[in-house]
Amino acid sequence: MKRLPLIALLVLASATHAQAFDDKFRQLDELLPTPSDTRTASGAPGHAYWQQRADYRIRATLDEARRAVTGSETITYHNDSPDTLAYLWVQLDQNMFRADSDNRRIASHPSRDAWRSGGTPFESARFLVESAKFDGGFKIASVTDRSGHPLRTTINKTMMRIDLAEPLKPGARVAFDIAWRFNVPETTVLGRRMGFERFDKEDKNDLFEIAQWFPRMAAYYDAHGWQNKQYVGDGEFTLEFGDYDVELTVPADHIVAATGELQNAGAVLTAAQRERLARARTAGKPVVIVTQQEAEANEKQRATTMKTWRFKASNVRDFAWASSRKFIWDAQGFRKDGTNVLAMSFYPKEGNPLWERYSTQAIIHTIAEYNKYAFDYPYPVAISVNGPVGGMEYPMISFNGGRPVKDKKTGELTYSKNTKYGLISVIIHEVGHNYFPMIVNSDERQWTWMDEGLNSFMQFLAEQAWEDHYPSRRGEARNIVDYMKSRNQVPVMTNSESVTQRGNNAYAKPATALNVLRETVLGRDLFDFAFRAYAQRWKFKRPTPADFFRTMEDASGTDLDWFWRGWFYTTDHVDVSVDGISEYTVGTKDPEIEKAWKKAQHDLEPVSVTDQRNQGTLPRRVDSHPELKDFYNEHDAFTVTNRDRNKYNEALGDLDDWERNLLKEGKHLYLVDFGNVGGLVTPLILEITLASGKKYVERIPAEVWRYNPKKITKLIVTDEPMVALTQDPNWETADTDTSNNSWPRKAVPSRLELYKTERDKDNLMRDFNEKLKKVDK
């Protein structure tokens, strides 16, 4: 411990280490686009904001035997931009399933080491074989104007350009027709967000989840122009809002779930089913519309006739549907504030008892929680479908995986804890996508994190509201640590198709960043107000990353450029180390006190080994000749003299009352050195433990690093001696190395497992003579 004048301590605490300066607080103006009359500097849509629109009238038929869809559509495209358009771009996403697609051509095998060692999963080998044989992609029969005249088109892989007979002027609209068909891929074989599932071992039925199933208008907007990047697989979709009128013709014994409201229930449902559906709207728990008994009866037959289901949807950006005779269907209404929705679940018997218990409840819970942080759910239905797709979102409808398993011997259906919470979580996530990006319509082809990251953060909030200690995978800072310190990373602000470790990068890291921003940087009140402002500003519009960053700063009243730069534009991580602590107390100037303090410090010094060994063994001359002792044998450097007292009294006479009182405070001061090992600047959260056992937390904003982002010294003032200090005691900043967070250092507990060495591991003779076991087929 040292004794210094107060002014010296303040100067020392503010000093920085002389190192090369790296400005972590540099503003983002150099990276963000210049504000304009369409997108303001505050992050809000500008007075000249515009957005295109596309309306669809679709008629399609499901050929169950051939597993194919045939359809025709009329697209009415509204040019609300200030630009004259000579051509239009249409997305042909099914072309990704062509054997010669970019998705197939650029695929690289992630487990090359396994291949080189002679092994690969059956599924990988099957995909390689089947993707080369599958006749996938759109077969475009015709593209014509409303009079039936062919339009000139150019197909470029997953995009089609339509050359207009006359340029489309601002404020004008054009309508045209497209006829097409495609073969539906088997999801578990060829993958990717849609397809069919076969139940050959059960009842010889199929379950169809159909999406990216019709030629859709590409987006044209102010910040990018035409969004005509190829659909390679990871960059999802950005689309225009519009109204849909869709007729789906399917086998007569199929049940169909789709975006929008069913228009002809009388033609496709029994009287009993219509009565149940009406009752579900005001029910307090899910009502079964199509029972398991009815579904099992459907499974045993094959209709020879077809039925047409008609749906309408207003102001949506896409349309998806599912169809199967296996479907059980339950529903429950939810009405609050501006939301009046019918939550519905469709699932085969293989999904029970899990789905009948949790699916519709999870839908309602999602809407209730997301409404709190964003806006009231505006659509009339919200649907969760169980099928082969593990998790995928579309307006008003989502495809979700997760089922119980059947015991081979007893036939009993059970599910694990992971399956239960995995189901609840995926439904929250996919239904939550109705908000981001189905309504807050970000460009997923550019930025995966803008929909997946924001939605994963909202999912985390909804999961916490489900029950105590919900096992959330993403959101908590401690869960992202391993990724943050890994080497194979790219910044969050990376185009969707170039992202590595997609789940961590586009889902977990931005979700964690927003949770850190909410809990540690801004606080819940400021964050929630700003986040809701963003959702409200951009619902049914198309925001960019700059609009999100700027809105969060504008509505919270906080400069967050350092936060966006660190978390979104770099691969830095948080690792703050406590490098050293120096203890000081303020000098009182009173010689009685100060010299006594100095003597106490001197007495605490270790006795030299020479003095220890001389003690009692070495005769001293002054002991045998006491006449040699004088004044200096009775006094030492710690003796208070009258001169000391006079000087002190003179000094007190020159001080004001407040200055005298400050000398008597008796504060304990500590200069704490911190190092930023990880490079990502962060607030300091310091848990301080005093000699009395009292603990308290002191929160220091990230701006403490503004003059030196590598090393800082912070002055801590306490009323009594400090005995311990811990940085980030609750693991809320994603610090990747907590072993250097404490003073005094804490030992890191671990476990050493002992095991027996396996001898004679490779014994061909023994293996050859091993008794054959029967195979359970």
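Being a predicted model, the structure only gives us computed values, none of them experimental.

Chemist: For the pairing of strand 8 (residues 173-183), give the residues involved together with the corresponding values.
Modeler: Sheet topology places strand 3 (residues 68-78) next to strand 8; eleven bridges connect them, and they run antiparallel. Along strand 8, the bridge assignment pairs T76 with A175. Where strand 5 (residues 139-145) and strand 8 come together, six bridges link them in antiparallel fashion. By the bridge assignment, V143 is partnered in strand 8 with I178.

Chemist: Any chance you could break down the side chain of K595 for me, citing the residues and the numbers?
Modeler: Among the structural elements, K595 can be located in helix 17 (residues 591-603). In terms of polar contacts, K595 uses its side chain to reach the side chain of D644, at 2.7 Å. Not counting chain neighbours up to four residues away, the residues in contact with K595 comprise A637, F638, T639, V640 and D644.

Chemist: Break down the sheet that holds strand 7 (residues 159-168) for me, citing the residues and quoting the values.
Modeler: Sheets are built from strands paired through backbone hydrogen bonds, the pairs being either parallel or antiparallel. A sheet is described by the order of its strands in space; here four strands give the open sequence 6-7-4-11, paired in antiparallel fashion. Two strands lie at the open edges of the sheet, namely strand 6 (152-156) and strand 11 (216-217), each paired on one side alone. Here five bridges tie strand 6 to strand 7, and the two strands are oriented antiparallel to one another. When the sheet's bridge partners are listed, R152 is paired in strand 7 with D163.

Chemist: Give me the lowdown on the environment of V69, citing residues and values where you can.
Modeler: Positionally, V69 belongs in strand 3. On the basis of relative accessible area, V69 is assigned to the buried category, the value being 0%. Measuring from C-alpha to C-alpha, the distance between V69 and Y347 comes to 21 Å, with 278 residues separating the pair along the chain. When residues no more than four places from it in sequence are discounted, the contact partners of V69 are A60, T61, L62, W180, R181, F182, V184, W213 and W321.

Chemist: I'd love a proper account of the sheet that holds strand 30 (residues 695-700), names of residues and values included.
Modeler: One open sheet accounts for four strands, arranged 30-29-32-33; its pairing is antiparallel. Single-partner strands in this sheet number two, and they are strand 30 and strand 33 (742-743).

Chemist: Could you give an account of the nonpolar core, with specific residues and numbers?
Modeler: Core analysis: the largest hydrophobic core is formed by 185 residues, its most contacted members being W213, W321 and F548. If we skip the residues at most four places from it in the chain, F548 touches W449, M450, L454, L514, F531, Y534 and W564. In this structure, Y584, L669, L671 and L715 belong to the second largest nonpolar core, which totals five residues.

Chemist: Explain the packing of helix 9 (residues 354-373) against helix 14 (residues 524-538) residue by residue, including any values.
Modeler: At their nearest, the axes of helix 9 and helix 14 sit 8 Å apart, and the two run at 100° to each other. With respect to their mutual orientation, helix 9 and helix 14 come out roughly perpendicular. Residues N371, K372 and Y373 of helix 9 touch helix 14, and the partners they reach there are D528, F531 and R532. Partitioned by chemical class, the residues of the contact of helix 9 with helix 14 number two nonpolar, one polar and three charged.

Chemist: Provide a residue-level description of the packing of aromatic side chains, including the pertinent values.
Modeler: Tallying each qualifying case throughout the model produces 49 aromatic pairs. When the centroid spacing of 5.6 Å and the interplanar angle of 90° are considered together, the rings of W562 and F563 count as edge-to-face. Here the guanidinium or amino end of K326 rests over the ring plane of F199, the centre of that ring lying 4.3 Å away. One Lys or Arg, R542, reaches over the ring of Y221 and ends 5.0 Å from the middle of that ring.

Chemist: Outline the confidence of the model for the protein chain, supporting the account with residue identities and numerical values.
Modeler: Averaged over all residues, the pLDDT of the protein chain is 92; the fraction at 70 or higher stands at 95%. Segment residues 14-18 is flagged for pLDDT under 50; beyond a separation of four residues in sequence, or across chains, it makes six contacts in the model.

Definitions and limits used
Residues numbered from 1 in each chain as written. Predicted model: local features only at pLDDT ≥ 70, side-chain atom pairs only at ≥ 80, totals over all residues. Heavy atoms only, no water. Pairing = 2+ DSSP bridges. Helix = DSSP H or I, 4+ residues; strand = E, 2+ residues; numbered from the N terminus. Polar contact = N/O pair within 3.5 Å; in protein donor to acceptor, adjacent residues only side chain to side chain. Contact = heavy atoms within 4.5 Å. Buried < 20%, exposed > 50% of the residue type's maximum accessible area, 1.4 Å probe, protein only. Core = buried A, V, L, I, M, F, W, Y, C linked by side-chain atoms within 4.5 Å. Axes fitted to C-alpha atoms, helices over the stretch in contact; angles between N-to-C directions. Parallel < 35°, antiparallel > 145°, perpendicular 65-115°, else oblique. Nonpolar A, V, L, I, M, F, W, Y, C, P; charged D, E, K, R; others polar. Phe/Tyr/Trp six-rings, centres within 6.5 Å; stacked < 30°, edge-to-face > 60°. Lys NZ or Arg CZ within 6 Å of the ring centre and 35° of its normal. pLDDT = per-residue confidence, 0-100.

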